[in-house]
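# Structural overview
These are the residues of each chain, in order.
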Amino acid sequence: MERHQLTLREVRNTLLINLLVWGVICASGAGGVYSDALRAGDGRSYDHIMSAWVANHALIALFSFGLYLALRHWPALAASMQNILRSYLLVLLIFLPLQLLYIAALDGVREGGGPLLVAPRGFNVFLELAWTTGTFTAVTAICLWRRGQQRERAWQQAQTENLQLSLALEQQRMQALRGQLEPHFIFNALNAISAMVRTGDGQLALGGIHRLSDLLRYALAASSCDHVSVREELDFVRDYLALQGLRYGERLQVRLDIDDAVLDAVCPPLLLQPLVENAVRHDLECHEGDSDIHIRLWCDDAQLLVCISNPVTADAPPNPGLGMGLSNTRARLQLAYRGEAALQSGEQDGRFVLQIRMPLE
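The structure contained in this document is the topic of the report that follows. A quick note: this is a predicted structure, and the numbers were derived from the prediction, not measured.

Analysis parameters
- Residues numbered from 1 in each chain as written.
- Predicted model: local features only at pLDDT ≥ 70, side-chain atom pairs only at ≥ 80, totals over all residues.
- Heavy atoms only, no water.
- Helix = DSSP H or I, 4+ residues; strand = E, 2+ residues; numbered from the N terminus.
- Buried < 20%, exposed > 50% of the residue type's maximum accessible area, 1.4 Å probe, protein only.
- Areas by Shrake-Rupley, 256 points an atom, 1.4 Å probe, with all protein chains shown as cover.
- Expected span 1.5 Å × (residues − 1).
- Bend = angle between axes of the 7 residues up to and from the residue.
- Pairing = 2+ DSSP bridges.
- Salt bridge = Lys/Arg side-chain N within 4 Å of Asp/Glu carboxyl O.
- Polar contact = N/O pair within 3.5 Å; in protein donor to acceptor, adjacent residues only side chain to side chain.
- Contact = heavy atoms within 4.5 Å.
- Axes fitted to C-alpha atoms, helices over the stretch in contact; angles between N-to-C directions.
- Phe/Tyr/Trp six-rings, centres within 6.5 Å; stacked < 30°, edge-to-face > 60°.
- Lys NZ or Arg CZ within 6 Å of the ring centre and 35° of its normal.

## A look at the overall build of the chain
Secondary structure assignment for the chain yields eight helices and seven strands. Counting only residues that meet the buried cut, the chain has 38% of its 361 residues in that class. Counting every atom, the chain has about 20,500 Å² of accessible surface; 59% of that belongs to carbon and sulfur.

If you want it as structure tokens, here you go:
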């Protein structure tokens, strides 16, 4: 049988509460009897009546104390309705006869010289059965309530620990995503500069290095933040496009359509640049002409919307990119907004359209 180890403090507190409760019961009962005695002209004092009440209920008070400790020590005794009924029948078979004998002994002593034990009267049997049943019901209910409270606290603690663990795992995953994103960005930016070097234009390559320095400075600062302003992200995207402009020249054509209302909103850092990079790669590197990239940000119904589109070139060779932009962005949005943000992408009217919808904060 499962056991609960009782501490000395729990036993002591149970004893004190038990004495207090039964003290109040005896004091209240004695007060009622004393009031009736005064109206009836009975000369008994309150102390005399109080001592009789204490004597009559001493054994049942001891019973309630022992019953509580037993139910706490062996929780299985009240684990089900069947077990509670069994415990109650056991109490009736063992304690109730002892209580009746105890009351009979007290009555014999009070009759002054009569037999110590006298046969219990019918009213006494009914009265002690009521006291025993009431005490058993009250103690059992208290034990069940306390056990329910402990289970509730244990459940809440488990929920809190699970939430903390989930949060820690999400933070680690977010850090891992950032750890993938930053080297990915550096790799592609260095590729852009290396392309300038191969053209033999040292001045252009030097300008690209300066641009890259500014970009890396922002990337390192933003990587330590959970959110940055949309204004900062757009400045970073403009610097990135300026770097790419050194490589592609007039071929890089980007339209920015930005609602001023979203500039002070916040978003995860380094959110837009990988998506713009995808558009540049899948546009300029898939044909010989100019690009046609459209970047739009606006707000609608307390949501921030981002739309980036570029034309889809028929029969274009597949671009060998690492494929990290969309997958990382989708995962970061899921972690940052817990399902309240979405990323959708696909072809529409000859263009590849990517749209993000997230809370406007």
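## A word on helix H7 (residues 273-284)
When the terminal C-alpha atoms of H7 are compared, their 16 Å separation across twelve residues agrees well with the 16 Å that a helix rising 1.5 Å per residue should span. Counting buried positions along H7 gives ten out of twelve residues, so the element sits mostly inside the fold. Along H7, the residues classified as buried are Gln273, Pro274, Leu275, Val276, Glu277, Ala279, Val280, Arg281, Asp283 and Leu284.

## Describing helix H2 (residues 46-73)
If you check H2, its first and last C-alpha atoms are 39 Å apart, about what 28 residues at 1.5 Å a residue would give, namely 40 Å. The principal kink in H2, of about 45 degrees, is found at Ala58.

## Remarks on the pairing of strand E4 (residues 293-299)
Among the seven residues in E4, five count as buried, and that is most of the element. Where strand E2 (residues 254-258) and E4 come together, five bridges link them in parallel fashion. Bridge pairing links Ile258 to Leu297 in E4. Pairing between E4 and strand E5 (residues 303-311): six bridges, direction antiparallel. Residue pairing in the sheet places Trp298 in a bridge with Leu305 of E5.

## Some thoughts on the pattern of salt bridges
Summed over the entire model, instances satisfying the criterion amount to eight salt bridges. As a salt-bridge pair, Glu10 and Arg72 come within 2.8 Å of each other at their nearest N and O atoms. Note that Glu10 is positioned in helix H1 (residues 8-40) and Arg72 in helix H2, a separation of 62 residues in sequence. Judged by its relative accessible area of 7%, Arg72 is buried.

## Structural notes on the side chain of Ser309
Turning to its location among the elements, Ser309 is positioned in strand E5. Here Arg351 takes part through its side chain, which lies 3.1 Å from a polar atom of the side chain of Ser309. Sequence-distant contacts of Ser309, that is, excluding residues within four places in its chain, are made with Asp292, Ile293, His294, Arg351, Phe352 and Val353.

## With respect to the sheet that holds E5
Strand order in the open sheet formed by five strands is E2-E4-E5-E7-E6, and the pairing between neighbours is mixed. Edge positions in the sheet fall to E2 and strand E6 (342-348), since each of these pairs with one other strand and no more. Recorded for the sheet is a direction-independent mean angle of 10 degrees between the axes of neighbouring strands. Packing of H7 onto the sheet brings it into contact with E4, E5 and strand E7 (351-359), and relative to E5 it is tilted by some 15 degrees.

## Some points on the environment of Leu343
As for its position among the elements, Leu343 is in strand E6. The exposure class assigned to Leu343 is buried, which follows from its relative accessible area of 10%. A sequence separation of eleven residues divides Leu343 from Leu354, and the C-alpha atoms of the two residues are 7.2 Å apart. Those residues in contact with Leu343, other than ones at most four positions away along the chain, are Leu326, Thr329, Arg330, Leu333, Leu354, Gln355 and Ile356.

## Points about the packing of aromatic side chains
The relative placement of two aromatic rings is captured by the distance of their centres and the angle of their planes. Summed over all chains, the structure comprises four aromatic pairs. Residues Trp22 and Trp131 carry aromatic rings whose centres are separated by 5.8 Å and whose planes lie at 40 degrees to one another, so their mutual orientation is tilted. Placement of the pair is Trp22 in helix H1 and Trp131 in helix H4 (residues 122-198), with a sequence separation of 109 residues. Under the relative-accessibility criterion, Trp22 is labelled buried at 8%. Ring centres of Tyr34 and Tyr46 lie 5.9 Å apart, and the angle between their planes is 80 degrees; this geometry places the pair in the edge-to-face category. Within this pair, whereas Tyr34 is found in helix H1, its partner Tyr46 is found in helix H2, the two being separated by twelve residues in sequence. The exposure class assigned to Tyr34 is partly exposed, which follows from its relative accessible area of 26%. Cation over ring: Arg296 sits above Trp298, and NZ or CZ is 3.8 Å from the ring centre.

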